[in-house]
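What follows is the residue order along each chain.
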Amino acid sequence: MSKIEELAAAVTKGKAKLVPNLVNECLAEGTDPVEILNKGMIDAMSIIGEKFKNNEIFVPEMLVAARAMKKGVETLKPSLAGDSSVSIGKYVIGTVAGDLHDIGKNLVAMMIESAGFEVIDLGVDVPKEKFVEAVKNDPEVKIVGLSALLTTTMPAMKDTVEALIEAGCKNQVKIMVGGAPITQEFADEIGADCYTADAASAAQAAKALV
Ligand code: B1M
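Read on for a plain summary of the structure. Nothing here was measured: the structure is a model prediction, and the numbers come from that model.

1. Some words on the overall build of the protein
Helices and strands together make up the secondary structure of the protein, namely nine helices and five strands. Along the three orthogonal principal directions, the C-alpha set of the protein runs to about 55 × 40 × 25 Å. A fraction of 73% describes how many contacts in the protein between residues 6 or more apart in sequence connect residues 24 or more apart. Each charge class in the protein was averaged separately, 21 positive and 30 negative side chains, and the resulting centres sit 3 Å apart.

See below:
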C-alpha cells in the first residue's frame, strides 16, 4: 500500500493520531500537497459519505473520520497555503444556519487566506443576522462566502442572501456560495454573485471579484 493509500485508510478509519505523521511522510516522499489533500483526504471523505448513505456506517464513524481529516488539513496547511502577508480585503465566511459541516468551509477559508484576504470565519450554524452584522460593522468586508452541505439547509442559504440584499449589503459586498448540493443554477436563482465547486476555484474567483 502506498503512503497516500495508507493516509486515506487512516482517514476513513478515523485514526486521527496516525494522520499527521502519514501526511508528513507523504510530503517527505515529495508528493504534491494538493494530491495529498485530494487523494489522501477528500476522496476518503467521499467513501465515508457513500458508506453512510448505504447504512454501512453511522454518524459517530462519520464524525471520527472528519476529526482525522481536520488533523490532516492542519498538518498540510503550511504546505498548501501561500504567502498571506498582504491583505487585499476582508472576506467573511460561514456555514449557514442549521448546518454543522465545516471541513469544506475551512478549506475554502484557508485557500482564500492564502490568496491574500483577511478571513473572518463566523463558524458553523450561522444565523443570517450574524452575516448581515459582520458586513454592516466593517466597511472593509468585500466578500461574503456561504457554505451549505445539506439539501435541507439550502433554504437557509437563500434566506441569508435575501437578508444581505434587504439590508443593503450588496452595495458593499459580493456574495459567493458553495458546498456539495449547491449548483450554478441555484446560485443564480437565489441572487448570489458567484458559485464555485471547490476551494481552489473559490480563491481564484474571489481575487477576480475585487
Ligand atoms: Co454529514 N452529510 N450529516 N456529517 N457528511 C453529508 C453532507 C451527506 C452527503 C452524507 C450522505 O448521506 N452521503 C449527507 C447530506 C445529504 C443531503 O443533504 N443530500 C449528510 C447528512 C445526512 C448528515 C446528517 C443529517 C446525519 C444525521 O445526523 N443523520 C448530519 C447533519 C448535521 C448538521 O449539519 N445539522 C450530518 C453530520 C455530519 C458530521 C457532523 C458527522 C460530519 C461533519 C463534521 C464536520 O464537518 N466538522 C459529517 C460528514 C463528515 C459528512 C461527509 C461524509 C463529508 C463532508 C466533508 O467534509 N467532505 C458528507 C458526505 C460527502 O460529502 N460525500 C456528509 C469533504 C469536504 C472537503 O468537502 O464539504 O463538500 P465539502 O467541501 C468542498 C466543496 O463542497 C466546496 O469546496 C470544498 C473543498 O473543495 N465548498 C465550497 C464547500 N463550501 C464552499 C463554499 C464556497 C465554495 C466552495 O464558497 C463560499
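2. Quick notes on the packing of aromatic side chains
The description of an aromatic ring pair uses the distance of the two centres, along with the angle that the planes make with each other. Applying the stated criterion across every chain, the model contains one aromatic pair. Aromatic side chains Tyr91 and Phe117 sit 5.8 Å apart centroid to centroid with 75° between the ring planes, which places their arrangement in the edge-to-face category. Placement of Tyr91 in strand 1 (residues 90–95) and of Phe117 in the loop between helix 5 (103–114) and strand 2 (118–121) is noted, with a sequence separation of 26 residues between them. The exposure class assigned to Phe117 is buried, which follows from its relative accessible area of 3%.

3. Thoughts on the site of the ligand
Close contacts around the ligand come from 36 residues, with Gly49, Leu100, His101, Asp102 and Ser147 the closest. Contacts to the ligand include Ser147, whose side-chain N or O atom sits 2.8 Å from a nitrogen atom. A distance of 3.2 Å separates an oxygen atom of the ligand from a polar backbone atom of Ala199. Among the secondary structure elements, those contributing two or more residues to the shell around the ligand are helix 3 (33–53), helix 4 (59–80), helix 5, strand 3 (141–147) and strand 4 (174–178). Counting residues per element, the shell around the ligand draws most heavily on helix 3, at six residues. By residue class, the composition of the shell around the ligand is 21 nonpolar, 10 polar and five charged.

4. Describing the coordination of the cobalt atom of the ligand
You will see that the cobalt atom of the ligand has only one donor from the protein, His101 (NE2), lying 2.2 Å away. Mapped onto the fold, His101 is located in the loop between strand 1 and helix 5.

5. Notes on the side chain of Lys105
With respect to the helices and strands, the residue Lys105 is situated in helix 5. Excluding anything up to four places from it in sequence, Lys105 contacts Ile93, Gly94, Thr95, Asp121, Gly123 and Ser147.

6. Structural notes on the state of the cysteines
Covalently bonding the sulfur atom of one cysteine to the sulfur atom of another cysteine gives a disulfide. One pass over the structure, following the stated rule, counts zero disulfides. You can see Cys169 has no disulfide; the closest cysteine sulfur is in Cys194, sitting 18 Å from it.

7. A word on the environment of Cys194
Considering the arrangement of structural elements, one finds Cys194 in strand 5 (residues 194–195). The exposure class of Cys194 is buried, given its relative accessible area of 12%. Between the alpha carbons of Cys194 and Ala205 there is a distance of 7.7 Å; along the sequence they are 11 residues apart.

8. Some thoughts on helix 2 (residues 19–28)
Inspection of helix 2 places Val19, Leu22, Val23 and Cys26 among the buried residues, and these make up the whole buried set. Along the long axis of helix 2, the arc covered by the buried residues comes to 105°, so they all point the same way. In this structure, the buried residues of helix 2 make contact with helix 1 (3–12), helix 3 and helix 4. A positive phi of about 90° marks Gly30, the residue just after helix 2.

About the thresholds
Residues numbered from 1 in each chain as written. Predicted model: local features only at pLDDT ≥ 70, side-chain atom pairs only at ≥ 80, totals over all residues. Heavy atoms only, no water. Helix = DSSP H or I, 4+ residues; strand = E, 2+ residues; numbered from the N terminus. Contact = heavy atoms within 4.5 Å. Lys, Arg positive; Asp, Glu negative; His and termini not counted. Charge placed at Lys NZ, Arg CZ, Asp CG, Glu CD. Phe/Tyr/Trp six-rings, centres within 6.5 Å; stacked < 30°, edge-to-face > 60°. Buried < 20%, exposed > 50% of the residue type's maximum accessible area, 1.4 Å probe, protein only. Near = heavy atom within 4 Å. Polar contact = N/O pair within 3.5 Å; in protein donor to acceptor, adjacent residues only side chain to side chain. Nonpolar A, V, L, I, M, F, W, Y, C, P; charged D, E, K, R; others polar. Donors = N, O, S within 2.8 Å, 3.2 Å for Na, K, Ca; no water. Disulfide = S-S within 2.5 Å. Arc of directions from axis to C-beta.

Note that every value here comes from positions in space, so none of it alone points to a role or purpose.
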